[in-house]
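# Geometric and topological summary
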Amino acid sequence: LIGLFANQIVLRADLSSSPTFRELLRRVRQVVLEAYAHQDLPFDKIVNALLPQRDKSRNPLFQVMFVMQNVPISTLRLPGVTLSPIKVDNRTAKFDMALFVVEKEDGLTTIWNYNTDLFDEATVARMSHHYETLLASAAADPAARLAKLQHLTDAEQLQQSAAKQDRKESRRKKFTKVTPKAVDIEGMEVVRSYRLDSGREMPLALSPASAGEVEVA
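All of the points below concern the structure found in this document.

## Topic: the overall build of the chain
A count of helical and extended segments in the chain gives four helices and seven strands. Of the regular secondary structure in the chain, the N- to C-terminal order runs α-α-β-β-β-α-α-β-β-β-β. A fraction of 45% describes how many contacts in the chain between residues 6 or more apart in sequence connect residues 24 or more apart. Split by element, the accessible area of the chain, about 18,100 Å² in all, is 55% carbon and sulfur.

This is the structure we're talking about:
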């Protein structure tokens, strides 16, 4: 027999309750082992049995594929024949996104195949950096919960921090430009507002005022 004998296995990861990365690995391992127990069941039969709602714009059951290639490729030797691998540049995306991770002696190499109607090159490049940062963060602290793992690069963290500081300063400036106004209110407990010193965290403060008068900013 000659051909490609590969069967797609649909997996569902349980991310509920914000597990630690180590706990997530345990969950995924259990799901993968259970799926491998039925790996001979053709994918087409699963689709026919589940009868998912079909849409010509997307694949049934899953739209993102992950392939871990960690099995060494053996060299085929034939008498009088020299064989060499040929890299095929396949520019057709069968899924929204497919991530191939190849394990080599010097580390992991990732290959991203994606639908250009959904993603552009810059977006996928940014996702690749996020993926690398996320793996490094998980490896450094596998006991951390998923929400605590870092995926932004150092440059993006600095950019995010600067933007947050700019927004904070903009709000502070708006408060300091507000002019207090006196409002007469009968029969109610009132307070008086006034500005704090320049540079303080809050631009306004409150203090008791005479009955029937309140100053607000």
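Now, onward.
## Details of the side chain of Thr20
With respect to the element layout, Thr20 can be found in the segment before α1 (21-36). Looking at Thr20, the relative accessible area reads 19%, which means it is buried. Within polar-contact distance, the side chain of Thr20 engages the backbone nitrogen of Glu23 at 3.1 Å. When neighbours within four sequence positions are excluded, Thr20 is seen to be in contact with Pro142, Ala143, Ala144, Arg145 and Leu146.

## Overview of the sheet that holds strand β3 (residues 107-114)
The strand order across the open sheet built from three strands is β1-β2-β3, with neighbouring strands paired in mixed fashion. The open sheet is flanked by β1 (64-69) and β3, the only strands paired with a single partner. Sheet twist, expressed as the mean angle between neighbouring strand axes with direction ignored, is 15°. Examined bridge by bridge, β1 and strand β2 (residues 97-104) share six bridges and lie parallel to one another.

## Some words on α1
Spanning 16 residues, α1 covers 22 Å between terminal C-alpha atoms, matching the ideal 22 Å at 1.5 Å per step. Of all the positions in α1, only Leu24, Arg27, Val32 and Ala35 are classed as buried. In an axial view of α1, the angular spread of the buried residues amounts to 135°, which keeps them on one side of the axis.

## Brief notes about the packing of aromatic side chains
Under the criterion given, the structure shown has three aromatic pairs. Residues Phe43 and Phe62 carry aromatic rings whose centres are separated by 5.8 Å and whose planes lie at 75° to one another, so their mutual orientation is edge-to-face. Of the two residues, Phe43 sits in helix α2 (residues 43-50) while Phe62 sits in the loop between α2 and β1, which places them 19 residues apart along the sequence. By the burial criterion, Phe43 is buried, and Phe62 matches it. Residues Phe62 and Phe95 carry aromatic rings whose centres are separated by 5.2 Å and whose planes lie at 25° to one another, so their mutual orientation is stacked. Taken together, the residues Phe62 in the loop between α2 and β1 and Phe95 in the loop between β1 and β2 connect sequence positions 33 residues apart. This pair shows no difference in class: Phe62 is buried, exactly as Phe95 is. Through successive ring pairs, a cluster of aromatic residues spans Phe43, Phe62 and Phe95.

## A short note on unusual backbone geometry
The residue Ser17 is not glycine, and still its phi comes out positive at about 65°. Its relative accessible area of 66% is what places Ser17 among the exposed residues. Positive phi, close to 50°, is recorded for Leu51, a residue that is not glycine. By secondary structure assignment, the location of Leu51 is in the loop between α2 and β1.

## Overview of the side chain of Arg27
Relative to the elements of secondary structure, Arg27 occurs in helix α1. In this structure, Arg27 is in contact with Asp14, Leu15, Ser16 and Pro19, ignoring residues within four places of it in sequence.

Criteria and cut-off values
Residues numbered from 1 in each chain as written. Predicted model: local features only at pLDDT ≥ 70, side-chain atom pairs only at ≥ 80, totals over all residues. Heavy atoms only, no water. Helix = DSSP H or I, 4+ residues; strand = E, 2+ residues; numbered from the N terminus. Contact = heavy atoms within 4.5 Å. Areas by Shrake-Rupley, 256 points an atom, 1.4 Å probe, with all protein chains shown as cover. Buried < 20%, exposed > 50% of the residue type's maximum accessible area, 1.4 Å probe, protein only. Polar contact = N/O pair within 3.5 Å; in protein donor to acceptor, adjacent residues only side chain to side chain. Pairing = 2+ DSSP bridges. Axes fitted to C-alpha atoms, helices over the stretch in contact; angles between N-to-C directions. Expected span 1.5 Å × (residues − 1). Arc of directions from axis to C-beta. Phe/Tyr/Trp six-rings, centres within 6.5 Å; stacked < 30°, edge-to-face > 60°.

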